[in-house]
Amino acid sequence: GYQPCDPQVICNRVSHVRSCLEELQELAASRRSDLEASRQLWAFLQELEEAEAWMREKEQILTGKGCGRDLGSALALSGQHRRMLGELGGRRALLHQALQRGERLQASQRGSAGRLRQRLREVRQRWKKLEELTGLHQRRLRRALAFYQFAADAEDLAAWLQDLYRLASSDDFGHDDHSSRALLRQHRALLQQLEKQRGAVLGLRQQVASLTAPGGCSPGSRSARGGAAEEAAEEEVEAAAEEEEVVEVAVVDVQIRVVELEQLYGEVVEVALLRRQWLQDALAVYQMFGQVHACEVWLEEKEQWLRRMEVPQELDEVEVVQHRFESLDQEMNSLMGRILDVNQEVQQLLDGGHPSSEEVQACQDHLNSRWNRVVELVEQKKAQLSSVLRIQNYLLEC
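Keep in mind it's a predicted model, so treat the numbers as computed, not measured. (Residues numbered from 1 in each chain as written. Predicted model: local features only at pLDDT ≥ 70, side-chain atom pairs only at ≥ 80, totals over all residues. Heavy atoms only, no water.)

Asks: Lay out the overall build of the protein chain with the relevant residues and their values.
Replies: Check the secondary structure of the protein chain and you find ten helices and zero strands. Ordered by position from N to C terminus, the α and β elements of the protein chain give α-α-α-α-α-α-α-α-α-α. A buried classification covers 35% of the 398 residues belonging to the protein chain. Residue pairs in contact within the protein chain that sit at least 24 positions apart in sequence constitute 85% of those at least 6 positions apart. For the protein chain, the accessible area works out to roughly 24,600 Å², and carbon and sulfur atoms hold 51% of it. (Helix = DSSP H or I, 4+ residues; strand = E, 2+ residues; numbered from the N terminus. Buried < 20%, exposed > 50% of the residue type's maximum accessible area, 1.4 Å probe, protein only. Contact = heavy atoms within 4.5 Å. Areas by Shrake-Rupley, 256 points an atom, 1.4 Å probe, with all protein chains shown as cover.)

Encoded structure:
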């Protein structure tokens, strides 16, 4: 028959089921917590892996890049590097936040704390190496830009010096006093420009030495790359060696160019100094010709007047002509001083070995002969006047 169950047994069974249910719920909650922690851990590790992949990509880009082979390519690479620096700055903030989350995860993890700590350390080290490599590449780019800019400036200086050389070697010395004086002013301005550039030319050798000094990160020079270099492929090493060879040739070319610039500058200065002397000589000759021409105009006028003049026979007329000769004596004394100055200038030109010495000598001889002829005519006319004056005075006394 039916026998009712003891109520105490029922209470015990209900209590046991409840305890089992609570234990199961605790296990489920613990399992869920562990699964959530595992999910967060693997999601974080995946994030770290993506960050490392990005860093490896940038390392390969940086280690594979040179510094360009001329100013244009170096400027283009510098622009790319600035964009990379902006991207690096954005990634830095994100990585910093991720590492902070990793520190919190490490504190909450139990079995995977050591592994997580190792990964965080590896990511920090790789990021540090990436920043070092970025800074190294930036310094190399700056030095490369300075080097190629120096090479471009050297070419501009060479073109400028060649233009000055063409000006300084011109055979145009003017055709008169005015044109020679204008050319001499222009040439003095040229000499001033040369003097201003003397310091720049003399400093070229020191400047190129500082740009190509060992450890100076001249274009193509490569320093230690840390872990990225260890992962570089063999073809990258060969490309780097090829770039090194090209850059060494460029450095040697620039050094040779500096020597050529120094020689060209010396030649330009030498030719410019010679041209200044030639212009001064030409100006001195034209000035002398101008003085000679002024003297000869006066001599021509007086010679024609003397040849046309007939000595009068009347006393009054003789006295008038005599007064004219007194004025003529004063003018001739003044002109004689100018002629003596011309002769002195001519002698200085001859003593200095002027290239137009024969022409200058001929001009001097012609002027002196004209002067002597006029002086002879004056003496003849004076003698005729004196003779007529004596005759007239004799007639008056008689």
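Asks: Please give an account of the environment of Glu319 that cites residues and values.
Replies: Relative to the helices and strands, Glu319 is located in helix α9 (residues 315-351). Judged by relative accessible area, which is 37%, Glu319 ranks as partly exposed. A C-alpha to C-alpha distance of 8.9 Å links Glu319 and Leu385, two positions 66 residues apart in sequence.

Asks: Let's hear about the packing of aromatic side chains: which residues, and what values?
Replies: Summed over the entire model, instances satisfying the criterion amount to three aromatic pairs. Relative to Tyr148, the ring of Phe147 lies with its centre 5.5 Å away and its plane at 75 degrees, an arrangement referred to as edge-to-face. Here Phe147 matches Tyr148 in class, with each residue buried. A ring pair is formed by Phe173 and Trp278, whose centres lie 5.9 Å apart and whose planes are at 85 degrees; its orientation type is edge-to-face. Of the two residues, Phe173 is situated in the loop between α3 (113-168) and α4 (177-196) and Trp278 in helix α8 (residues 234-308); the sequence distance between them amounts to 105 residues. (Phe/Tyr/Trp six-rings, centres within 6.5 Å; stacked < 30°, edge-to-face > 60°.)

Asks: I'd like to hear about the side chain of His187, residue by residue, with values.
Replies: Position of His187 relative to the elements: it lies in helix α4. Within the structure, the side chain of His187 is placed 2.6 Å from the backbone oxygen of Ala272, a separation counted as a polar contact. Apart from the residues lying within four places of it in its own chain, the contact partners of His187 are Ala168, Ala272, Arg275, Arg276 and Leu279. (Polar contact = N/O pair within 3.5 Å; in protein donor to acceptor, adjacent residues only side chain to side chain.)

Asks: For the nonpolar core, give the residues involved together with the corresponding values.
Replies: Ranked by internal contacts, the top residues of the largest apolar core, which has 32 residues, are Phe150, Leu161, Leu194, Leu204 and Leu261. Put simply, the parts of the chain that give this core at least two residues each are α2 (71-108), α3, α4, α6 (204-211) and α8. Of the residues forming this core, the biggest block, twelve residues, is contributed by α3. Among residues more than four places away in sequence, those in contact with Leu194 are Trp160, Leu161, Leu164, Tyr265, Val268, Val269 and Ala272. Counting residues in each nonpolar core, the second largest holds 25 residues, with Leu306, Ile339, Leu377 and Leu385 among its members. (Core = buried A, V, L, I, M, F, W, Y, C linked by side-chain atoms within 4.5 Å.)

Asks: Break down the confidence of the model for the protein chain for me, with residues and values.
Replies: Of the residues in the protein chain, 86% have a pLDDT of 70 or more, and the chain-wide mean is 81. Summarising per-element confidence for the protein chain, the mean pLDDT is lowest in helix α7 (residues 227-230) (43) and highest in α4 (91). Ignoring residues within four places in sequence, the model shows residues 221-233, a span with pLDDT below 50, making 21 contacts including any to other chains. (pLDDT = per-residue confidence, 0-100.)

Asks: Please provide a residue-by-residue account of the pattern of salt bridges, values included.
Replies: Across all of its chains, the model carries 22 salt bridges by this definition. The salt bridge involving Arg119 is made with Glu122; its shortest N-O contact spans 2.7 Å. A residue pair is termed a helical-turn pair when its members lie 3 or 4 positions apart in one helix, as Arg119 and Glu122 do in helix α3 at three residues. We classify Arg119 as buried; its relative accessible area is 15%. Because the salt bridges share partners, they merge into one network encompassing Glu49, Glu52, Arg56, Glu59, Arg119, Glu122 and Arg126. (Salt bridge = Lys/Arg side-chain N within 4 Å of Asp/Glu carboxyl O.)

Asks: Tell me about the environment of Tyr265, residues and numbers included.
Replies: Note that Tyr265 resides in helix α8. For Tyr265, a relative accessible area of 6% translates into the label buried. Each C-alpha atom, one on Tyr265 and one on Gln162, is 9.0 Å from the other, the two residues being 103 residues apart in sequence. Setting aside anything within four residues of it in sequence, one finds Tyr265 in contact with Leu161, Leu194, Glu195, Gln197, Arg198 and Val201. Separated by 2.6 Å, the side chain of Tyr265 and the backbone oxygen of Leu194 make a polar contact.

Asks: Tell me what's going on with helix α1 (residues 7-64), and back it up with residues and numbers.
Replies: Three- or four-residue spacings in an α-helix give side chains the same orientation, since the helix completes a turn every 3.6 residues. Between its terminal C-alpha atoms α1 stretches 84 Å, which fits the 86 Å expected from 58 residues at 1.5 Å a residue. Considered for burial, the residues of α1 that qualify are Leu41, Phe44, Leu45, Leu48, Ala51, Glu52, Trp54, Met55, Lys58, Glu59, Leu62 and Thr63. (Expected span 1.5 Å × (residues − 1).)

Asks: Provide a residue-level description of α4, including the pertinent values.
Replies: Counted at 1.5 Å a residue, the expected span for α4 with its 20 residues is 28 Å, and the 29 Å between its end C-alpha atoms agrees. The backbone nitrogen of His178 lies 3.4 Å from a side-chain oxygen of the residue at the head of α4, namely Asp176.

Asks: Outline the side chain of Lys381, listing residues and values.
Replies: Here Lys381 is to be found in helix α10 (residues 357-397). Using a relative accessible area of 11% as the deciding quantity, one classes Lys381 as buried. A distance of 3.4 Å separates the side chain of Lys381 from the backbone oxygen of Leu306, its partner in a polar contact.

Asks: Account for the environment of Asp172, with residues named and values stated.
Replies: Residue position: Asp172 is located in the loop between α3 and α4. Through-space distance from the C-alpha of Asp172 to that of Leu183 is 8.4 Å; in sequence the pair is eleven residues apart. Apart from the residues lying within four places of it in its own chain, the contact partners of Asp172 are Leu183, Arg275 and Leu279. From its side chain, Asp172 meets the backbone nitrogen of Gly174 in a polar contact 3.1 Å long.

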